[in-house]
Structures are given as structure tokens and as C-alpha cells.
Amino acid sequence: MSPVKLISSGEGNFSSTMAENGFPNATSLLNSEKAVQELLQRSPLMETDEHLIEFSEALRTVAKALRRAAEGKAAAQAEAAEWKRKFELERTRNLQLEHKGQPPAERNGYDSKRSNNLTPQATEQSDWCCGSNGICSHEVLQDGDVDSVSQKGSGKYTRKAPFELSWGCDGEHSDRHKHDVVSFEKGNITTAERSSRQIFLKWESQPQTVLILTKPNSVSVRILCFEMIRWLREHKGLHIYVEPRVKNELLTESDYYDFVRTWKDDEEILLLHTKVDLVVTLGGDGTVLWAASMFKGPVPPLVPFSLGSLGFMTPFHSEHYRECLDSVLKGPISITLRHRLQCHVIRDAARNEYETEEPILVLNEVTIDRGMSSYLTNLECYCDRSFVTCVQGDGLILSTTSGSTAYSLAAGGSMVHPQVPGILFTPICPHSLSFRPLIFPEYVTIRIQVPFNSKGHAWASFDGKGRKELGAGDALVCSMAPWPVPTACQVDSTNDFLHSIHDGLHWNLRKKQSSDGPRDT
Ligand SMILES: NC(=O)c1ccc[n+]([C@@H]2O[C@H](COP(=O)([O-])OP(=O)(O)OC[C@H]3O[C@@H](n4cnc5c(N)ncnc54)[C@H](O)[C@@H]3O)[C@@H](O)[C@H]2O)c1
Ligand SMILES: Nc1ncnc2c1ncn2[C@@H]1O[C@H](COP(=O)(O)OP(=O)(O)OP(=O)(O)O)[C@@H](O)[C@H]1O
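Not measured: the values here are computed from a predicted model.

Asks: Tell me about the side chain of Thr-287, and please be specific about residues and values.
Replies: Turning to its location among the elements, Thr-287 is positioned in helix α11 (residues 285-294). The residues contacting Thr-287, other than those within four sequence positions of it, are Leu-213, Thr-214, Lys-215, Thr-281 and Leu-282.

Asks: Break down the site of ligand 2 for me, citing the residues and quoting the values.
Replies: The environment of ligand 2 is formed by 16 residues, the closest being Thr-214, Lys-215, Gly-284, Thr-287 and Ser-309. A distance of 2.6 Å separates an oxygen atom of ligand 2 from a polar atom in the side chain of Thr-287. Contact between ligand 2 and Ser-309: an oxygen atom at 2.5 Å from a side-chain N or O atom of the residue. In isolation ligand 2 offers 620 Å² of accessible surface; the protein chains occlude 72% of this area. For the shell around ligand 2, the residue count by class is three nonpolar, eight polar and five charged.

Asks: Can you explain unusual backbone geometry? Please cite residues and give values.
Replies: Geometrically, the link from Gly-331 to Pro-332 is a cis peptide bond, its omega value of -10° lying close to zero. For Cys-429, which is not a glycine, the phi torsion comes out positive at approximately 45°. Checked against the element boundaries, Cys-429 lands in strand β17 (residues 422-430). Phi is positive for His-506, which is not a glycine, with a value near 55°. Considering the arrangement of structural elements, one finds His-506 in the segment after α14 (493-505).

Asks: Could you give me a rundown of the confidence of the model for the chain, with the residues and numbers involved?
Replies: Residues shown with low pLDDT carry predicted positions that ought not to be read at fine detail. Across the chain, pLDDT averages 80, with 72% of residues at or above 70. Considering only residues more than four positions removed or in separate chains, one finds that residues 1-30, a stretch of pLDDT under 50, has three contacts. The low-confidence segment residues 103-133, where pLDDT is below 50, has 44 contacts with residues more than four positions distant or belonging to other chains. Both scores are available for the predicted complex, with the pTM at 0.75 and the ipTM at 0.94.

Asks: Just give me the short version of the pairing of strand β8 (residues 278-283), but keep the residues and values in it.
Replies: With six of six residues buried, β8 is to be regarded as a mostly interior element. Taking every second residue as pointing to the same face, both faces of β8 are buried, with Leu-278, Val-280 and Leu-282 on one and Val-279, Thr-281 and Gly-283 on the other. Note that β8 and strand β9 (residues 302-306) share five bridges and pair parallel. Residue pairing across strands places Thr-281 opposite Pro-304, the latter belonging to β9. Read as a crossover between parallel neighbours, the route from β8 over α11 to β9 is right-handed.

Asks: Any details on α11? Residues and values, ideally.
Replies: Where burial is concerned, most of α11 is hidden: seven out of the 10 residues are buried. The set of residues buried in α11 consists of Asp-285, Thr-287, Val-288, Leu-289, Ala-291, Ala-292 and Met-294. Elements that come into contact with the buried residues of α11 comprise β6 (209-214), α10 (266-270), β8, β9 and β23 (485-488).

Asks: Explain the environment of Ile-423 to me, using residue names and the numbers behind them.
Replies: Within the secondary structure, Ile-423 sits in strand β17. The class for Ile-423 is buried, based on a relative accessible area of 0%.

Asks: Help me get a handle on the site of ligand 1, residues and values and all.
Replies: With respect to spatial proximity, 16 residues lie near ligand 1, and among them Asp-285, Asn-364, Glu-365, Thr-405 and Ala-406 are the closest. Between ligand 1 and Lys-465 there is a distance of 3.3 Å, counted from an oxygen atom to a side-chain nitrogen or oxygen. Considering ligand 1 on its own, with 780 Å² of exposed area, one finds that the protein chains cover 64% of that surface. Of all the elements in the fold, those that place two or more residues in the shell around ligand 1 are α11 and α13 (407-410). Among the elements that line the shell around ligand 1, the one with the most residues is α11, at three residues. The residue inventory of the shell around ligand 1, partitioned by class, reads seven nonpolar, five polar and four charged. Taken domain by domain, the shell around ligand 1 gets at least three of its residues from each of domain 1 (162-169 + 197-338 + 484-506) and domain 2 (341-482).

Calculation notes
Residues numbered from 1 in each chain as written. Chains lettered and ligands numbered in written order. Predicted model: local features only at pLDDT ≥ 70, side-chain atom pairs only at ≥ 80, totals over all residues. Heavy atoms only, no water. Helix = DSSP H or I, 4+ residues; strand = E, 2+ residues; numbered from the N terminus. Contact = heavy atoms within 4.5 Å. Near = heavy atom within 4 Å. Polar contact = N/O pair within 3.5 Å; in protein donor to acceptor, adjacent residues only side chain to side chain. Areas by Shrake-Rupley, 256 points an atom, 1.4 Å probe, with all protein chains shown as cover. Nonpolar A, V, L, I, M, F, W, Y, C, P; charged D, E, K, R; others polar. pLDDT = per-residue confidence, 0-100. Buried < 20%, exposed > 50% of the residue type's maximum accessible area, 1.4 Å probe, protein only. Pairing = 2+ DSSP bridges. Right-handed = clockwise from strand over helix to strand, strands pointing away. Domains from an automatic or database assignment.

Encoded structure:
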């Protein structure tokens, strides 16, 4: 490589340098003084023009300053919301501990006591299984105060079945967990290993509790649900949870289903992840989205049975439910960790961080559109601190890679393997010929701002549900959530994805050209 040297010009030869380079010298300065005089004597109209230009420049500067202030406010509000969430988690945890008669300060002691309660075998296991091979659910349990809440109110809940996640390499069930390693050896940058591949889930003890979620108003789903509950109880001895609606249906059918558990209110739903080892869904993709939306934090592994029309995320066939559940309960199983987006709506009217609305988690996408308004949306989009673009059209979709085959696909976005971490940025009917969809890396925060001078309101919807109106000055801040949805695979992530795009979308289906006729000679 040739060396580079930076040099600066000396003060003494400044004017000659300027003249040589075509910049004005003393004579030309005199000429320009003349030009200024002429300029001053020009017609008042020209002067007004210049004043107008100056005025519009000043306005532009003010607008820039206002935008910067709004950006700063929204960023601060998003940060404050995150702190508020952490604070509330901590407060709930402390309240629970106080409830048990333990001061918050003893929390660490409590944690270690709890891990000491593990059987010697389990302790031994946690020594090796949390090491370099993958992620162990003990870690999640200790982090998320799981046992303390699962025991809340009664001692009847069984302990959750711990499991271990490991990353297979080169398609084999290898127990080595490979990270993306960057080597700087001898000054060269190389990626030493390919990153993690298929993820496997191995139970460390038998799962004991299953939550069954079903699509409403479907006779075939109801019949299958009743049958599956009976089978899981009689052949596997499992505890079963269902939604209150289903529990009523079961009791109307027979008193036999008295053992089936349910919940009374939203607070109990928040604790479900601490009680349930496995979630089974009976329905289509909408039921998987419904299941995901019930978990505002960690999600237990999900086994989606297909009883819908398309079934991109439902690889299991209901006719073979016994064999499928048998092998899932035994494990190990291949899983796809489906990333979710965490969305915060930040109101312009919010005076402080405590007025920030609760975050919403989406598995497919968040859509910001023009709703009933007949005007183009005008959405300012930022990625971290950089301005991305202004969306003028029907709206914008921020999608996960799992959602890439849903609304985003219909709006012209690419299909992306669900295990790829990223955020799809797909416009809906943009009024511009050059607005191609983008994919951002998973670590960015995207902010969509409705400008203060927007003609109409915008509407945000979350996995096609729960529409919220966004007025002028409101913003939606979106980043990758820390709680993915682990869905069991029929074969593996890639095979299931390809199968769903072939079967569901008939992707690239074309009659094969016959081999007769003209050829290259
Ligand atoms: N123009 C469109 O394509 C359009 C418009 C609105 C909503 N949607 C999608 O519908 C979803 C809500 O689904 P729903 O079942 O509650 O509503 P729904 O009953 O209206 O079904 C929408 C359809 O989208 C399919 N779908 C859902 N998630 C998918 C995914 N990840 N990959 C491929 N297809 C998928 C479903 O199988 C279903 O056929 C939204 O998240 C959105 O992605 C699509
Ligand atoms: N347990 C549930 N409670 C309330 N609503 C539900 C539940 N499960 C699913 N839904 C809703 O019912 C609708 C239809 O469900 P789903 O998509 O599973 O069936 P489908 O339309 O027959 O299948 P597909 O999506 O494959 O075409 C969705 O809008 C979904 O949100």
C-alpha cells in the first residue's frame, strides 16, 4: 500500500495559491466590490427575492432544529419506557419476594437457595449444560423469577420441565455451540466459523403441563381438541390448560373434563409462561399469532397443528397428532426461534415517560397505514439516529422474517428464511417509482414519526389486530424483542420453510420445458 501524507498550505503564499487556483486576488476583489455596488443599486424586486431566499433558509434551519428536538424527545421517551419496563419488572419481583416474607436484598440468596434445591443430578447438569454448548432454561428461570411466581397462591403447580437448547453444526446433532467468530490473526480479518445452524431442544425432565389453544367456531378443531385432551391425560398423564371459552365447551360436553385448568383474568395470563411446558395450537397461522400474543414475555415451545387454509407456521398434521406429540414430548426436537418486534407508541402529548403506552409484541408485523383517511400517509422514518426516508403512499410495514411471507410479501417485500435475524421495511403502494423494500439488521431501532404538519392521521395495527390511531407528532418505535417464539419443526427450519412456500404459495411453479426442439450446437 502507498503511504499517505497530509500537508497544509503556509500563510505566506496564501494569495498566490488562491490566484493560481482560480480564487480572487486583490484586482478581482476590487472588481467584486464594484459588483456589490451594482447589486445594491438593483431593483427592489431582486432585493425582495433575496430576502425571500434568506427567509426560507432561516425557516429551513428552524424546521431542522424542530425536527432534531422532536427526535431527541422521542428517543428519550423510548429509553424512558425501557427503563420503566425494567423498573416495573424489578418492582413486581420485589413485591413477590416481600409477599413471601423475604426482603428484596435477599434475592440473590433466594436464587442460590433455589438452585441448591435442585437435585444433585440437576445441579451437575446445570454445571455443564449452561456452559459452552447452548442455552439452558435454568438460566432463563433464574433470570425471570419464574419459580417464585409459579408457586404463587398455591403449591399445586408442578415444577416446569427444564430443557436445553443446542446448536447443531454442519447439519449434524453436534453438541458444540459455534458463535460467529472473527479472527484478527496476523492483521487479517476472517470469519473463522460459520454461525449457528439448526437449533435443537432437549428436555431435561419430562414436560408435565400443556396449554392447548384453539381457533374458535370450528367444529373440526373442537372435536380434535376434546380427543387430544383425553389422550394427553390418559396416555401421558399431563396437566392441561385451555382458554376459559374452551373450558366451558368441555364442561358442557362432559364432567370428565373437570380436571382441565384455565384462568380467570389477564394477570393470570401473564403468569402462564411460568406454568406451561408446551403450547399446542389447533388452527391456522392466525392461531399461532394469537398464541404468541398471549405471551408478553418469554414463550414456551409451541407445537402448531394445521387446521387452517394456508399454514405457513403450522407444519404438523392433525391426523398424526399422537405420533407428533409423542416425539415432541420425548425430544430432542428441531425448533425455529421466531423473532418478534417490540413496538412502543409514543404520544406527542405524553408529558413524561410514565404516560408511554405498554409495548406490543408482534410475530408477523406492525403496519402503519392511512386507515380511513383519503390522503397519502406522510411518515418520517429513522433508523437509530439516521434519517431513512419519508414514506408517501398507503403506508409502511415493519415485518419480522417470519412475517415476510404474510402482508409484507403482498406489498412486494422479499421472502426471508425465518431464522434470519432482521427487520423488513416494506412500503405499501409508495407514490414513487424507486422505493424498493429494505431489510435492516436485527439490532437497529426504527422510529416512524407522523410529522407535526401531517394532513391526516395514521393507523398502526399489530399482526393485523388492535388498531391504534397515530396523530400528528405521535411516533412508533420498534426494535427486536428479547423473547422469540420457539416453534417446533416437522423436519427442520429450512425444510419446513421451503415446504411452506412450495405448498402454500406454489412458489416458482412452472410446467417443465420439454427437452426436444432446438438446442445449442
Ligand atoms: N394483503 C395481505 O396479504 C394482508 C392484508 C392484511 C393482513 N394480512 C396478514 O394477516 C395476518 C393476520 O393473520 P390472521 O390469520 O389473523 O388474519 P386472516 O384470518 O385475515 O388471515 C390472513 C392470511 O394471512 C396468512 N398468514 C398469516 N401469517 C402468515 C405468515 N407468517 N406467512 C404466510 N401467511 C401468513 C394466514 O394464513 C391467512 O391466510 C397479518 O399479520 C398480516 O400479515 C395480509
Ligand atoms: N384462540 C383464539 N381466540 C380468539 N381468536 C382466535 C384464536 N385463535 C385464532 N383466532 C383468530 O381467528 C382467526 C382465524 O384463525 P386462523 O388463521 O388460525 O384460521 P384460518 O383463517 O382458518 O387459517 P389460515 O390462517 O391458515 O388461513 C384469526 O384472525 C385469529 O386471530
